[in-house]
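What follows is each chain in one-letter form.
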Amino acid sequence: WSCKSLDVISWGKQNGKRRFKCKNCGIYFTAENKSVGLKNKEIWFKKWIIGKQTYEQISAESGYSVSTLQRYFNVMLVKAPKLSYSQNKEVYLLIDGTYFSNEICLVVYRDNVFKQTQLYRITDGEHYEELKEDLENILNLGIKIGGITCDGDKSLLKAIRKVCPKVPVQRCLVHIQRMCKIWLSAYPKSVAGFELREIVCKLHFVDSEVKKQYWIKEFLDWFEKHKDFLNEKSYSLETGRYWYTHKMVRRCFSVIRKALPNMFTFLQNHKIPKTTNGIESFFGHLKGNLNIHRGLTKSRRKKFIQWYLFYKNLKS
């Protein structure tokens, strides 16, 4: 490496490696295989991304110094891995977005059957035009969408209706149930609120067509009974405006009424998940790993997310 001469002779061993001497300049050196070295370092990089290991832990286990690992990992973070996708097969998508610090929003399109991310977008929010473009790209890649489960974001529902209106859509039941419980509180003050909360709590027990019909009937009967209560209004002398008196109970009713056509799609196809729990759990693990490496810049946090999605697809 010093004078670029090829005139070398074997000169014993050093640290278990064969040592050589250059007859031209007298330098002693050991042979190195850079490709193998880089491959070994990538193993530690993968553990740093998805293994929840810090620089210090990897340094103690690998023998590399912390500064060496940091230099190599920074080089790897600059690269953007290409995510593989499942072409020409039917997928059942879980679509959701999650937010990180530094105004980073990750939108993931994840197949629930094969547990693989088909597409993702790192942006600053869940915007209609971007969601529409993502769905179009998925279809252009030759991926057939058998069903979509989502939390009911208005922009996403609008994009689905525009791009793939015939694809069955399932609203996340856990999301509906959780939000209604928050709005109604643990101990509703009104009889209507108390009864609606009981109906909402039965939602996750619906697992057949018969139970579905019973649940819908109970909900509609509740509406007929408390229709006047829901439509009750109050008047403000200061603003001169009317508003619905029991707005939280009315909000729960409105959410369920609008979601009702897509609340029990999973009963027609068992491959369609009834909740987005799978992708929310995935987000939880990602955030847990990223929090271990606090201090990354905004650009490197984005690259970390990309590498995490890449390695998780390989693992699947």
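Everything below is about the structure printed above this text.
Every residue gets a number counted from 1 within its own chain, in the order that chain's sequence is written. Per-residue local features are limited, in this predicted model, to residues with pLDDT of at least 70; the limit for side-chain atom pairs, both in listing and counting, is 80 or more; totals at the level of whole chains, interfaces and linings are taken over all residues. Values reported for side chains reflect all heavy atoms of the structure, with hydrogen atoms and water molecules removed beforehand.

Student: Got a minute to help me understand the overall build of the chain in this structure?
Tutor: By definition, any uninterrupted DSSP run of H or I lasting at least four residues is a helix, any uninterrupted run of E lasting at least two residues is a strand, and each is numbered from the N terminus. Looking only at helices and strands, the chain has 12 helices and 10 strands in total. With C-alpha atoms as the basis for the radius of gyration, the globule rule is written as 2.2 Å multiplied by the number of residues raised to the power 0.38. Against the 2.2 N^0.38 benchmark of 20 Å for 316 residues, the chain shows a C-alpha radius of gyration of 28 Å, more extended than a compact globule. Across its three principal directions, the C-alpha atoms of the chain cover 100 × 50 × 35 Å. Under the scheme applied here, a residue whose accessible area is under 20% of the maximum for its type counts as buried, over 50% as exposed, and between as partly exposed, the area being computed with a 1.4 Å probe on protein chains only. When burial is assessed residue by residue, the chain has 41% of its 316 residues classed as buried.

Student: What exactly am I supposed to notice about the pattern of salt bridges here?
Tutor: Pairs may arise between side chains of opposite charge once their charged atoms sit close together. When a carboxyl oxygen of Asp or Glu lies within 4 Å of a side-chain nitrogen of Lys or Arg, that pair is called a salt bridge. Under the definition given, this model contains 12 salt bridges. With a shortest N-O distance of 3.0 Å, Glu 136 and Lys 132 are connected by a salt bridge. With a gap of four residues between them, Glu 136 and Lys 132 both fall in helix H4 (residues 128-140), about one helical turn apart. For Glu 209, the salt bridge goes to Lys 212, with nearest N and O atoms at 3.4 Å.

Student: Looking at this structure, how should I read helix H11 (residues 277-292)?
Tutor: A turn of α-helix holds 3.6 residues, and therefore any two residues three or four places apart point the same way. The terminal C-alpha atoms of H11, which comprises 16 residues, lie 23 Å apart, in line with the 22 Å expected from a rise of 1.5 Å per residue. Those residues of H11 that sit buried are Ile 279, Phe 282, Phe 283, Leu 286, Asn 289 and Leu 290. Relative to the axis of H11, the buried residues are bounded by an arc of 125 degrees and lie together on one face. Every helix has an expected span of 1.5 Å times one less than the residues it contains. By definition, the arc is the one covered by directions from the helix axis to the C-beta atoms.

Student: Hey, could you run me through a nonpolar patch on the surface in this one?
Tutor: Two distance rules govern patches: like charges are joined within 9 Å, and nonpolar side chains (Val, Leu, Ile, Met, Phe, Trp, Tyr) within 5 Å, applied only to residues with over 30% relative accessible area and no salt bridge. Residue-level accessible areas treat just the shown protein chains as cover; the underlying method is Shrake-Rupley with a 1.4 Å probe. Taken together, Ile 9, Trp 11 and Tyr 28 make up a surface patch of nonpolar side chains, about 270 Å² in accessible area. Topologically, Ile 9 is positioned in strand S1 (residues 8-14). For Ile 9, a relative accessible area of 33% translates into the label partly exposed.

Student: Quick question: what am I supposed to make of unusual backbone geometry here?
Tutor: Across residues other than glycine, the phi torsion is negative in most instances, and most of the peptide bonds are trans. Although it is not a glycine, Asn 102 sits at a positive phi angle of roughly 65 degrees. With relative accessibility at 41%, the residue Asn 102 sits in the partly exposed group. The phi dihedral of Ser 185 falls on the positive side, at around 70 degrees, and the residue is not glycine. Ser 185 sits in the partly exposed class, given a relative accessible area of 32%.

Student: Can you walk me through the sheet that holds strand S3 (residues 28-30) in this structure?
Tutor: Strand pairing within a sheet occurs via backbone hydrogen bonds; the two strands may be parallel or antiparallel. When DSSP finds at least two bridges between two strands, those strands are taken to pair. Here we have three strands laid out as an open sheet, ordered S1-S2-S3, and antiparallel in their pairing. Only two strands of the sheet have a single partner each, and these edge strands are S1 and S3. Between one strand axis and the next, the sheet turns through 35 degrees on average, direction left out of account. Angles shown run from 0 to 180 degrees and are taken between the N-to-C directions of axes, each axis being a line fitted to C-alpha atoms and, for helices, limited to the stretch in contact.

Student: I keep staring at the nonpolar core and nothing clicks. Help me out?
Tutor: If you look at soluble globular proteins, the nonpolar side chains tend to sit buried side by side. Of all hydrophobic cores here, the largest spans 31 residues; its most connected members are Phe 45, Trp 48, Ile 49, Phe 73, Leu 106, Ile 305 and Trp 307. Put simply, the parts of the chain that give this core at least two residues each are helix H1 (34-50), helix H2 (55-62), helix H3 (66-78), strand S4 (90-100), strand S5 (104-111), H11 and helix H12 (298-315). Considering each element in turn, this core owes the most residues, seven residues, to H12. Throughout, a residue-residue contact means that at least one pair of heavy atoms, one from each residue, lies within 4.5 Å. Setting aside residues no more than four positions away along its own chain, Leu 106 makes contact with Asp 96, Gly 97, Thr 98, Phe 100, Tyr 120, Arg 121, Ile 122, Phe 283, Leu 286, Ile 305 and Leu 309. Working definition of a nonpolar core: buried Ala, Val, Leu, Ile, Met, Phe, Trp, Tyr and Cys residues. They are joined through side-chain atoms within 4.5 Å. In terms of nonpolar packing, the next biggest core, distinct from the first, is built from 25 residues, Trp 183, Ile 216, Leu 230 and Val 249 among them.

Student: Is there a simple way to explain the packing of helix H8 (residues 209-225) against helix H10 (residues 247-259) in this structure?
Tutor: Contact geometry for H8 and H10: axes closest at 12 Å, N-to-C directions at 140 degrees. Taken together, H8 and H10 sit at an angle that is classed as oblique. With respect to the hand of their crossing, H8 and H10 are arranged in left-handed fashion. Across the interface between the two elements, Trp 215, Phe 219, Trp 222 and Phe 223 from H8 touch Val 249, Phe 253, Ile 256 and Arg 257 from H10. In this classification, Asp, Glu, Lys and Arg are treated as charged, Ala, Val, Leu, Ile, Met, Phe, Trp, Tyr, Cys and Pro as nonpolar, and every other residue, Gly included, as polar. A breakdown of the residues in the contact of H8 with H10 according to their chemical character gives seven nonpolar, no polar and one charged. Every angle not falling under 35 degrees, over 145, or within 65 to 115 is termed oblique; those three ranges are roughly parallel, roughly antiparallel and roughly perpendicular. The sense of a crossing depends on the near helix, which, turned anticlockwise from the far helix by less than a right angle, makes the crossing left-handed and, turned clockwise, makes it right-handed.

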